[in-house]
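Residues per chain, in single letters:
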Amino acid sequence: MSRPPKCRRVEFLPELTYFKPAGVPMRDLAEVILSVEELEAIRLKDLNGLEQEECAVNMGVSRPTYHRILSAARAKVADALVNGKAIRVEGGNFQVAVRRFRCISCGNEWESPCEKGHGTGRATCPSCQGNDTRRIDKDGGLFNCSRWKDGIQQA
(Lines give C-alpha, C1' and ligand atoms only; values in the text may rest on other atoms or scores of the structure.)
Protein backbone atom coordinates (compact mmCIF):
# COMPACT_ATOMS: atom_id res chain seq x y z
CA MET A 1 0.00 0.00 0.00
CA SER A 2 1.39 3.40 -0.95
CA ARG A 3 1.80 6.21 1.52
CA PRO A 4 -0.50 9.25 1.36
CA PRO A 5 0.78 12.12 -0.84
CA LYS A 6 2.74 14.90 0.83
CA CYS A 7 0.92 18.22 1.11
CA ARG A 8 2.09 20.49 -1.73
CA ARG A 9 2.81 24.19 -1.24
CA VAL A 10 1.07 26.62 -3.61
CA GLU A 11 1.43 30.40 -3.88
CA PHE A 12 -1.50 31.07 -6.18
CA LEU A 13 -5.21 30.32 -5.95
CA PRO A 14 -7.05 31.00 -9.21
CA GLU A 15 -10.07 33.29 -9.27
CA LEU A 16 -11.36 31.59 -12.42
CA THR A 17 -11.72 27.84 -12.03
CA TYR A 18 -13.66 26.76 -15.11
CA PHE A 19 -12.63 26.99 -18.77
CA LYS A 20 -14.67 25.69 -21.70
CA PRO A 21 -14.60 25.76 -25.48
CA ALA A 22 -16.62 28.62 -26.95
CA GLY A 23 -19.89 27.79 -28.64
CA VAL A 24 -20.41 24.40 -27.00
CA PRO A 25 -23.19 24.10 -24.39
CA MET A 26 -21.94 22.95 -20.98
CA ARG A 27 -24.34 19.98 -21.02
CA ASP A 28 -22.49 18.61 -24.07
CA LEU A 29 -18.99 18.91 -22.62
CA ALA A 30 -16.84 16.33 -20.94
CA GLU A 31 -14.60 17.73 -18.20
CA VAL A 32 -10.99 17.37 -17.17
CA ILE A 33 -10.28 18.04 -13.48
CA LEU A 34 -7.00 19.88 -12.86
CA SER A 35 -5.95 19.99 -9.21
CA VAL A 36 -4.71 23.22 -7.66
CA GLU A 37 -1.18 21.85 -7.30
CA GLU A 38 -1.17 20.78 -10.97
CA LEU A 39 -2.11 24.34 -11.95
CA GLU A 40 0.68 25.63 -9.66
CA ALA A 41 3.18 23.32 -11.40
CA ILE A 42 2.18 24.73 -14.81
CA ARG A 43 2.30 28.31 -13.49
CA LEU A 44 5.80 27.93 -12.05
CA LYS A 45 7.36 26.18 -15.05
CA ASP A 46 5.47 27.39 -18.11
CA LEU A 47 4.38 30.88 -17.03
CA ASN A 48 7.21 31.92 -14.69
CA GLY A 49 9.89 29.98 -16.61
CA LEU A 50 11.57 28.49 -13.53
CA GLU A 51 13.80 25.42 -13.70
CA GLN A 52 12.26 22.20 -12.39
CA GLU A 53 14.54 22.19 -9.32
CA GLU A 54 13.33 25.69 -8.36
CA CYS A 55 9.73 24.67 -8.96
CA ALA A 56 10.14 21.63 -6.73
CA VAL A 57 11.63 23.75 -3.93
CA ASN A 58 8.77 26.27 -4.23
CA MET A 59 6.20 23.48 -3.94
CA GLY A 60 8.04 21.66 -1.14
CA VAL A 61 8.40 18.37 -3.05
CA SER A 62 11.23 16.41 -4.66
CA ARG A 63 12.19 17.07 -8.27
CA PRO A 64 10.85 13.68 -9.47
CA THR A 65 7.55 14.32 -7.69
CA TYR A 66 7.34 17.77 -9.25
CA HIS A 67 8.01 16.24 -12.67
CA ARG A 68 5.14 13.76 -12.18
CA ILE A 69 2.76 16.57 -11.14
CA LEU A 70 3.76 18.70 -14.15
CA SER A 71 3.48 15.79 -16.60
CA ALA A 72 0.00 14.89 -15.34
CA ALA A 73 -1.10 18.53 -15.57
CA ARG A 74 0.20 18.98 -19.11
CA ALA A 75 -1.47 15.73 -20.23
CA LYS A 76 -4.82 16.91 -18.84
CA VAL A 77 -4.55 20.32 -20.52
CA ALA A 78 -3.56 18.70 -23.82
CA ASP A 79 -6.52 16.29 -23.59
CA ALA A 80 -8.91 19.20 -22.99
CA LEU A 81 -7.51 21.31 -25.85
CA VAL A 82 -7.28 18.53 -28.44
CA ASN A 83 -10.54 16.79 -27.55
CA GLY A 84 -12.67 19.87 -26.83
CA LYS A 85 -13.19 19.25 -23.11
CA ALA A 86 -13.80 21.76 -20.35
CA ILE A 87 -11.17 22.26 -17.62
CA ARG A 88 -12.27 22.52 -14.00
CA VAL A 89 -9.66 23.53 -11.40
CA GLU A 90 -10.50 22.09 -8.00
CA GLY A 91 -9.26 19.99 -5.14
CA GLY A 92 -5.88 18.50 -4.46
CA ASN A 93 -3.61 18.07 -1.48
CA PHE A 94 -2.09 21.50 -0.89
CA GLN A 95 -1.57 24.36 1.52
CA VAL A 96 -1.40 28.03 0.57
CA ALA A 97 1.93 29.63 1.42
CA VAL A 98 1.75 32.74 3.56
CA ARG A 99 4.08 35.65 4.25
CA ARG A 100 4.33 37.43 7.59
CA PHE A 101 4.58 41.20 7.96
CA ARG A 102 5.11 43.74 10.77
CA CYS A 103 4.11 47.41 10.72
CA ILE A 104 6.95 49.60 11.99
CA SER A 105 4.48 52.40 12.85
CA CYS A 106 1.97 50.51 15.03
CA GLY A 107 3.68 47.14 15.67
CA ASN A 108 0.83 45.11 14.16
CA GLU A 109 1.81 41.70 12.75
CA TRP A 110 -0.24 39.77 10.18
CA GLU A 111 -0.06 37.03 7.59
CA SER A 112 -0.97 37.38 3.95
CA PRO A 113 -1.24 34.64 1.32
CA CYS A 114 1.62 34.80 -1.19
CA GLU A 115 -0.60 35.72 -4.12
CA LYS A 116 -1.62 38.87 -2.23
CA GLY A 117 1.92 39.79 -1.19
CA HIS A 118 4.14 42.20 -3.01
CA GLY A 119 7.43 41.24 -4.65
CA THR A 120 9.14 44.01 -2.70
CA GLY A 121 8.40 42.32 0.65
CA ARG A 122 6.26 45.31 1.65
CA ALA A 123 2.52 45.59 2.25
CA THR A 124 -0.02 48.04 3.64
CA CYS A 125 -0.83 47.54 7.32
CA PRO A 126 -4.46 46.38 7.76
CA SER A 127 -4.60 48.11 11.17
CA CYS A 128 -3.25 51.64 10.56
CA GLN A 129 -3.06 51.59 6.72
CA GLY A 130 0.61 52.58 7.00
CA ASN A 131 3.18 51.70 4.36
CA ASP A 132 6.17 51.45 6.70
CA THR A 133 6.04 47.66 6.89
CA ARG A 134 8.63 44.90 6.78
CA ARG A 135 8.40 41.23 5.97
CA ILE A 136 9.38 39.07 8.94
CA ASP A 137 10.55 35.47 9.19
CA LYS A 138 8.89 32.64 11.12
CA ASP A 139 10.70 33.71 14.33
CA GLY A 140 9.57 37.35 14.07
CA GLY A 141 12.93 38.72 12.90
CA LEU A 142 13.39 40.81 9.79
CA PHE A 143 13.18 38.69 6.67
CA ASN A 144 16.59 38.12 5.05
CA CYS A 145 15.96 37.60 1.32
CA SER A 146 19.41 36.08 0.76
CA ARG A 147 18.66 33.16 3.13
CA TRP A 148 14.99 32.66 2.35
CA LYS A 149 12.95 32.04 -0.76
CA ASP A 150 9.19 32.49 -0.28
CA GLY A 151 9.28 31.42 3.35
CA ILE A 152 11.59 28.41 2.94
CA GLN A 153 15.03 28.68 4.53
CA GLN A 154 17.83 27.95 2.08
CA ALA A 155 20.95 26.02 3.07
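Shown above is the structure to which this text applies.
Read on for an overview of the structure.

The rules behind these values
- Residues numbered from 1 in each chain as written.
- Predicted model: local features only at pLDDT ≥ 70, side-chain atom pairs only at ≥ 80, totals over all residues.
- Heavy atoms only, no water.
- Core = buried A, V, L, I, M, F, W, Y, C linked by side-chain atoms within 4.5 Å.
- Buried < 20%, exposed > 50% of the residue type's maximum accessible area, 1.4 Å probe, protein only.
- Helix = DSSP H or I, 4+ residues; strand = E, 2+ residues; numbered from the N terminus.
- Contact = heavy atoms within 4.5 Å.
- Phe/Tyr/Trp six-rings, centres within 6.5 Å; stacked < 30°, edge-to-face > 60°.
- Pairing = 2+ DSSP bridges.
- Axes fitted to C-alpha atoms, helices over the stretch in contact; angles between N-to-C directions.
- Parallel < 35°, antiparallel > 145°, perpendicular 65-115°, else oblique.
- Nonpolar A, V, L, I, M, F, W, Y, C, P; charged D, E, K, R; others polar.

Before going further, it helps to examine the nonpolar core. Counting residues in each nonpolar core, the largest one holds 20 residues, and the members touching the most others are Leu34, Ala41, Leu44, Met59 and Tyr66. Sorting the residues of this core by element identifies strand 3 (31–34), helix 1 (36–47), helix 2 (52–59), helix 3 (63–83) and strand 4 (86–89) as the ones contributing at least two each. Discounting chain neighbours no more than four positions away, the residues touching Tyr66 are Ala41, Leu44, Lys45, Gln52, Cys55, Ala56, Met59 and Val61. Membership of the second largest hydrophobic core comes to 5 residues, among which are Cys103, Trp110, Ala123 and Cys125.

Let us now look at the packing of aromatic side chains. All chains considered together, the criterion is met by 1 aromatic pair. Note on Phe101 and Trp110: the rings are 5.6 Å apart at their centroids and 20 degrees apart in plane angle, and the pair reads as stacked.

Turning next to the sheet that holds strand 4. Within the open sheet, the 3 strands sit side by side as 2-4-3. Their pairing is mixed. The open sheet terminates on both sides in strands that have one partner only, identified here as strand 2 (18–19) and strand 3. Sheet topology places strand 3 next to strand 4; 4 bridges connect them, and they run parallel. By the bridge assignment for strand 4, Ile33 is matched with Arg88. This element, helix 1, spans strand 3 and strand 4 of the sheet and lies at about 75 degrees to strand 3. Across the sheet, helix 3 touches strand 3 and strand 4, and the angle it forms with strand 3 is around 160 degrees.

It is at 9 Å that the axes of helix 2 and helix 3 come closest, and there the two elements cross at 95 degrees. Regarding the angle of helix 2 to helix 3, the classification is roughly perpendicular. Seen from helix 2, the contacting residues are Gln52, Glu53, Cys55, Ala56 and Met59; seen from helix 3, they are Arg63, Tyr66, His67, Ile69 and Leu70. Split into classes, the residues belonging to the contact of helix 2 with helix 3 amount to 6 nonpolar, 2 polar and 2 charged.

In short, geometric facts, not functional conclusions.
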